[in-house]
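Now for the letters of each chain:
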Amino acid sequence: MAVKVIKKNCIGCGLCVQTCPFEALQLVEGIVEVDPDKCTNCGDCVEVCPASALELNEPPEKMSDNEVKEVEKREKIVKKIKRELEDYRGVWVFLEQFRGEIAPVSFELLGEGRKLADNLQTKLCGVLLGSGVEKLAEQALWYGADKVYLMDDPVLKDYRTETYAAGLVRLSQKYKPEIILMGATTMGRDLSGAVATELETGLTADCTELSIDESSGYLFQTRPAFGGNIMATIVCRHHRPQMATVRPRVMAMPEKDTGRTGEVVKENLGITEENVLVKVVDVIKEKKAATYLDKAEIIVAGGKGVGNKENFKILKELADLLGGTIGASRAAVEAGWIGQEYQVGQTGVTVRPKVYFAFGISGAIQHLVGMQTSDVIVAVNTAPDAPIFKVATYGIVGDLLQVVPAMTKAFKEKMGV
Amino acid sequence: MHFVVCVKQVPDSSEVRVDPETNTLIREGVPSIINPYDAHAVEEAVRLKEKYGGKVTVISMGPPQAEEVIRKSIQFGADEGILLSDRKFAGSDTLATSYVLTQGIKKLAEREPFDLIFCGKQAIDGDTAQVGPGIAARLKIPQLTYVLNIEEINVEEKTIKLHRKLEGMREVISAKLPALLTVVQDLNELRYAPLPNMIRAARYRPQVWTTENIEVEDDKIGLNGSPTAVRKIFAPPEREGGEIIPGGQENPEETARKLVERLLKEEIIADK
Amino acid sequence: MSEKYDVIVVGAGPAGVTTAYLTAKAGLKTILFERGDHPGAKNVMGGVLYRKPTEDVIANFWKEAPLERHVIEQNLWILDKNSVVKAGYRTKAQDQEPYNAFTVFRSRFDRWFAQKAVEAGALLITETVVEDLIWDNHFVVGVKTGRPQGDVYGSVVVLAEGVNSMLTQKAGLQKDGLNTAQLAVAVKEVIALDKEKIESRFNLEEGQGATIELVGDATMGMMGTAFIYTNTDSLSVGVGALLSQVVRQKINPNELLEHLKNHPIVRPLLEGGETKEYLGHLIPEGGYNAIPKVYTNGVVVVGDAAQFVNGIHREGSNMAMISGKLAAETIIDAHKIGEFDERALSHYQKKLSNSFIIKDLKKYQNASGFFETNDHIFSLYPSLLNKAAEEFTTVDNVPKREKQRRIMELVTSERSKLEILRDIYRGWRVMG
């Protein structure tokens, strides 16, 4: 007795294959196939199939004693795996710090982590690695952590994959967290890949949404894929910790409560400098706008509709008046009107300002994923059916070369500048 | 010097869509290309070979048609290519993929030890940036991501000095070889392949290694070796469209004024 | 550059691939250049592949080539504003192997076909433009590509470069450039439609295909034709018209296609379909009179580059393949004696003259010119025919003799009996 496959529905995602406790399913040329000798018709796969490609057959007729034994044996193995997973408790957030300053994304993740921990009725912990960073630990508590694991060691002065990964792996193996979250920053992405490999667990990069599945308790990790053209929800079922990275400014910044307190647990790294193969020789600041773009509260961005390099001045004037920063779409950057460091979008910077002005930007999906979480979006475009109007809070159908100078003029008058 | 470059065949991401009714990927007619970051990785390895001497070997995991990316790498000037291809590899996530590639590289190293491994900073289909770090972790060699400039290689002492691209800054690093580098596009400009390379690539038949040729454990590859699974895929949600303030074409001045009044009145822009 | 090839083929369309496939198969060292990403990338052929010429190159190709449907029914529709007169032929005989014709996606088929040439030993170099010929003492000895270190030497260069026959001109074979009267512009869309819908609308079973050629209002009365071909789960819909007329009447080719798609008779066939691809292309329609000299020392010209297109019967790819085949035969013979001068390659011209290609093109040599200067044939007659049919099919108690009189009246009001006779006579002369 085996489950039935509805081949035309199968999308070949393989979820059922991973779910099946009896290894009765496999993908053959992208379509699932059932081994009737192994299938017990338990229905686990039917439950998880996202495409309704699996169907339970009539309840099984009487099984032979041997079959019953086999099923029981396998169920035991599955239960054992599940018990082992239950040893993993707690939601961790890696506290990214550079020269004594914690990256804002870490606080954003504490805000998100708090929700997940409450949902799972478990603790939220910060993990802090560095040299002379003990005093930073309390900040994590202010933003919602119950506990902070701290490794303070001169070897950890500069971020290096080797030492930081070793530290995080060591802590993780000792305290077994259920979930580890990191910022999808240069550091977070560098570190998470190494740690997940060492721990042989799953990692989902660039999540835009995290939630706990009510029935299974698994972390549902949703992220854009294929340049933002599709969204995918990822689960990591049988491995712990469940690891995810989240881009800065995707999650909201939580309220700071300096009255909150909690436990700080100190651990040793146990690596000496002589054994480290990588040295940081120097760090050179680059004077480029991108540093400011991702922190800007007001962004005045221009796209193809700006028309030429010269016209960006019109945008600059408005930006200067409002104390904002200039941004650009890929089209404007590729046209050579403005530097790549100003690019907002999938291949540029993700921004979440209070106000995002999109002038002459049609709103290709790759641009939208980089700015659509802005609090307010104001769009001006000549094409009434431009996708940007679908995300805009306010829109004007018109020529930006007329509208923007008029806006600047009106702001000047109203604000009495 | 032996330079190994990991390359991936990806669908041209700008052309992939989700069928809103069935929630499946529409791959029909979507051309396959070499992952653009990987192309820069190959280019850099070839430039270093020209400077320091040695050999460039590319390695890829994928279906038989991924041979194309190896041939593309030969066009760029790589010397040799290996394709890890087996139906058992299908469905591998980043953890399983880094395992298979590592096992392939280990096998390659038995013949010719490597000095540098290159990867693109990420693949444009998954955008995960996990396979490179995964390989470095498995091989237990230094991992240097987001490399935007290689200053120098000391062939005698087997060290490298390079620049990494961080947020708003660059980090100057020195490291012991062998090491794994993931590279950004700013690192170099792709050169137009000379005809002899094109001819060599057209003739080139990469070696194909299956589970018969490299040592892999069954439960670490393919779906079985992949901790993560796609629960569902769907078209990105659209943000609710807001209000269009009319009159932008007929009377831009007045419409702009109305907009500014709204922004100030609703305190979206603070009136200083 | 010490490496030398026996055969250099420029262009991996049907003509070039045929030559490359056959010369490689015969053991000649063959290199094939294609400017696109892959063979077929720049091809927009309407989408019907005839079995016979293809089979002459690759036996039993239909067993493995990427084909859409085998054609069992061919129709001619003469359209007026909101009516149609239809003629068609459907046969069970073409519903079985070896079949007669197939609908294809040229880009897929060409890719497969080029792969066959590669398997036969030809070297396919894509994304590479051949910019010039290399001469040595009035003899073409190789080509210059746009790549660094890009010169290649060979015994013979086969120009299969398609309609923009720049190298053919550089070889001094085509004296003047193309004039617009010799070019047709074709636009085509691939419209995705459920398999079941296609089969019910066109009265087909699985695997069976139908073609419709349309004239009259389909081209807004210009000289040209339109077509609808059934693919497996899409339709190829296109319009072709003489470039000179399109230019003169200031009609954008795209408008022509939209006009066809929205024609009240055509629209129901396409209902619910979704446009997946849009392509435009130039087709040489100069016919016999526009054929350049097709060989010189170290060079032969094949396919569209040689203007081997029959504008009347809408045949191009079969002529391309056959000319490619004849060129290959000539080259293989020339290789045996080791001579590739004009004299040796002139056998290609002889083979062409004995083939249907030159015979057909000669037969229709005055047709294009006739139709171009008498374009009322594409506007007036379809309309008259439809009106006649309307009279004839309306049951309204009018005696049949009276109806015939009315039809004649209708016709002669538009054009005198003498003029019609002249049209028929001339039409018969150029077509017969």
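The structure presented is a predicted model; accordingly, all values stated were derived computationally and were not measured.

> Help me understand the packing of aromatic side chains, please; the structure alone is not making it clear to me.
Two measures describe an aromatic ring pair: the distance that separates the ring centres and the angle between the ring planes. In total, this model carries 14 aromatic pairs over all chains according to the counting rule given. Over the ring of tryptophan 209 of chain B we find lysine 107 of chain B, and its NZ or CZ is 5.6 Å from the ring centre. Directly above the aromatic system of tyrosine 295 of chain C lies the positively charged group of lysine 293 of chain C, at a separation of 5.2 Å from the ring centroid.

> Can you walk me through the packing of helix α3 (residues 94-111) of chain B against helix α4 (residues 131-139) of chain B in this structure?
Packed helices, taken two at a time, are described by their axes: the angle between them and the distance between them. All names here are of chain B. Close contact between α3 and α4 brings their axes to 8 Å; oriented N to C, the two are set at 50°. Comparing their axes, α4 and α3 come out oblique. Here α3 runs over α4; the crossing is right-handed. Facing α3, whose interface residues are Thr94, Leu95, Thr97, Ser98, Tyr99, Leu101, Thr102, Ile105 and Lys106, α4 presents Val131, Gly134, Ile135, Arg138 and Leu139. A class-by-class count of the residues in the contact of α3 with α4 yields seven nonpolar, five polar and two charged.

> Sorry, what's going on with the nonpolar core here?
Side chains of nonpolar character tend, in soluble globular proteins, to be buried together. Counting residues in each nonpolar core, the largest one holds 78 residues, and the members touching the most others are Phe61 and Phe308 of chain C. Here this core takes nine residues from helix α9 (residues 317-337) of chain C, the largest share from any one element. With 42 residues, the next largest nonpolar core counts Ala41, Leu144, Leu181 and Tyr204 of chain B among its residues.

> Before we go on, may I ask you to explain helix α3 (residues 106-119) of chain C in this structure?
Note: α-helices contain 3.6 residues per turn, so residues at a spacing of three or four share the same orientation. Residue and element names in this part refer to chain C. Taking 1.5 Å per residue as the helical rise, α3 with its 14 residues ought to reach 20 Å, and the 19 Å between its terminal C-alpha atoms agrees with that figure. Within the sequence span of α3, burial applies to Arg106, Phe109, Asp110, Trp112, Phe113, Ala114, Lys116, Ala117 and Val118. Close packing links the buried residues of α3 with α1 (14-25), β3 (48-50), α2 (51-57), β7 (123-125) and α9. After α3 finishes, the residue glycine 121 shows a positive phi value of roughly 115°.

> Help me out: how do you make sense of the interface of chain A and chain B in this one?
When the parts of a complex come together, some accessible area is lost, and that lost area is often used as the size of the interface. At the interface, 96 residues of chain A touch 85 residues of chain B. Carbon and sulfur atoms make up 59% of the surface buried where chain A meets chain B, a total of about 7,700 Å² over both sides. The interface formed by chain A and chain B holds five salt bridges in total. Between glutamate 261 of chain B and lysine 414 of chain A there is a salt bridge, with its nearest N and O atoms 3.0 Å apart. In terms of residue class, the side of chain A that touches chain B is made up of 50 nonpolar, 28 polar and 18 charged. Here six bridges tie strand β14 (residues 230-236) of chain A to strand β14 (residues 228-234) of chain B, and the two strands are oriented antiparallel to one another. Counted as the bridge partner of alanine 232 of chain A is isoleucine 233 of chain B from β14 of chain B.

> Which parts of the structure should I look at to understand the arrangement of the chains?
In this assembly, two pairs of chains are in contact, and the pair with the greatest number of contacts comprises chains A and B. At their nearest point, the C-alpha atoms of chain A and chain C are still 15 Å apart, with no contact between the two.

> For this particular structure, what's the right way to read the domain arrangement of chain A?
Residue and element names in this part refer to chain A. The domain boundaries assigned to chain A delineate domain 1 (4-85), domain 2 (88-275) and domain 3 (290-414). Centre-to-centre, using C-alpha coordinates, domain 2 lies 33 Å away from domain 3. The partner domain 3 presents eleven residues to the nine residues of domain 2 that form the contact. Roughly 840 Å² is buried in total at the junction of domain 2 and domain 3, and carbon and sulfur atoms are behind 42% of that figure. At the boundary of domain 2 with domain 3, the tally comes to zero salt bridges.

> Help me understand helix α2 (residues 67-76) of chain B in this model?
Residues and elements named next belong to chain B. With respect to burial, α2 is a largely interior element, seven of its ten residues being buried. Among all positions in α2, only Val69, Ile70, Arg71, Ser73, Ile74, Gln75 and Phe76 are buried. Following α2 by one or two positions, glycine 77 adopts a phi angle in the positive range, close to 120°.

> What exactly am I supposed to notice about unusual backbone geometry here?
Cis geometry marks the peptide bond from arginine 240 of chain A to proline 241 of chain A; its omega dihedral reads -5°. Locating proline 241 of chain A in the fold gives a position in the loop between β14 and β15 (242-246). With an omega dihedral of 0°, the bond running from leucine 177 of chain B to proline 178 of chain B counts as a cis peptide bond. Relative to the helices and strands, proline 178 of chain B resides in the loop between β11 (169-176) and β12 (179-183). One non-glycine residue, lysine 176 of chain A, adopts positive backbone phi at about 50°. Even without being a glycine, asparagine 203 of chain C presents a positive backbone phi close to 60°. Tracing the chain through its elements places asparagine 203 of chain C in the loop between α5 (195-201) and β12 (208-216).

> Explanation requested: the interface of chain C and chain B in the structure shown.
Chain C puts 22 residues into the contact, and the matching count from chain B is twelve residues. Buried area between chain C and chain B, summed over both chains or domains, comes out near 1,300 Å², and the portion from carbon and sulfur atoms is 59%. Linking chain C to chain B there are two salt bridges. Notably, a salt bridge pairs glutamate 127 of chain C with lysine 72 of chain B, separated by 2.9 Å at the nearest N-O pair. Applying the counting criterion to the chain C and chain B interface returns five residue pairs in polar contact (both at pLDDT 80 or more). Mapped by element, the contributors of at least two residues to the side of chain C that touches chain B are β2 (30-33), α3, β7 and β10 (151-159) of chain C. Per-class residue counts for the side of chain C that touches chain B are nine nonpolar, six polar and seven charged.

> Can you help me understand the pairing of strand β8 (residues 130-135) of chain C in this one?
Consecutive side chains of a regular strand alternate in pointing toward one face of the sheet and then the other. All names here are of chain C. The sheet contact formed by β8 and strand β9 (residues 140-145) spans five bridges and is antiparallel. Note that in β9 the partner of aspartate 132 across the bridge is lysine 144. Joining the antiparallel neighbours β8 and β9 is a turn of four residues, in which asparagine 137 adopts a positive phi near 55°.

> Help me out: how do you make sense of a negative patch on the surface in this one?
A cluster of acidic side chains, namely Glu200 of chain A together with Glu110, Glu215, Glu217, Asp218 and Asp219 of chain B, defines a negative patch on the protein surface. Along the polypeptide, glutamate 217 of chain B turns up in the loop between β13 (207-209) and β14. Look at glutamate 217 of chain B and you get partly exposed, because its relative accessible area is 45%.

> Teacher, can you tell me more about the sheet that holds strand β11 (residues 203-207) of chain A here?
Residues and elements named next belong to chain A. One open sheet accounts for seven strands, arranged β11-β15-β10-β5-β8-β9-β16; its pairing is parallel. Edge strands, defined here as strands with exactly one partner in the open sheet, are β11 and β16 (263-266). Neighbour-to-neighbour, the strand axes of this sheet turn through a mean angle of 25°, independent of strand direction. Here strand β5 (residues 91-95) pairs with strand β10 (residues 179-183) via three bridges, running parallel.

> Explain the side chain of threonine 230 of chain C to me, please; I cannot follow it from the model alone.
Within the secondary structure, threonine 230 of chain C sits in strand β13 (residues 224-230). At 2.9 Å, the side chain of threonine 230 of chain C and the backbone nitrogen of alanine 210 of chain C are in polar contact.

Parameters at a glance
- Residues numbered from 1 in each chain as written.
- Chains lettered and ligands numbered in written order.
- Predicted model: local features only at pLDDT ≥ 70, side-chain atom pairs only at ≥ 80, totals over all residues.
- Heavy atoms only, no water.
- Phe/Tyr/Trp six-rings, centres within 6.5 Å; stacked < 30°, edge-to-face > 60°.
- Lys NZ or Arg CZ within 6 Å of the ring centre and 35° of its normal.
- Axes fitted to C-alpha atoms, helices over the stretch in contact; angles between N-to-C directions.
- Helix = DSSP H or I, 4+ residues; strand = E, 2+ residues; numbered from the N terminus.
- Parallel < 35°, antiparallel > 145°, perpendicular 65-115°, else oblique.
- Left-handed = near helix turned anticlockwise from the far one by under 90°.
- Contact = heavy atoms within 4.5 Å.
- Nonpolar A, V, L, I, M, F, W, Y, C, P; charged D, E, K, R; others polar.
- Core = buried A, V, L, I, M, F, W, Y, C linked by side-chain atoms within 4.5 Å.
- Buried < 20%, exposed > 50% of the residue type's maximum accessible area, 1.4 Å probe, protein only.
- Expected span 1.5 Å × (residues − 1).
- Buried area = accessible area lost by both parts, 1.4 Å probe.
- Salt bridge = Lys/Arg side-chain N within 4 Å of Asp/Glu carboxyl O.
- Pairing = 2+ DSSP bridges.
- Domains from an automatic or database assignment.
- Polar contact = N/O pair within 3.5 Å; in protein donor to acceptor, adjacent residues only side chain to side chain.
- Patch = residues over 30% accessible without salt bridge, like charges linked within 9 Å, V, L, I, M, F, W, Y side chains within 5 Å.
- Areas by Shrake-Rupley, 256 points an atom, 1.4 Å probe, with all protein chains shown as cover.
- Lys, Arg positive; Asp, Glu negative; His and termini not counted.
- Charge placed at Lys NZ, Arg CZ, Asp CG, Glu CD.

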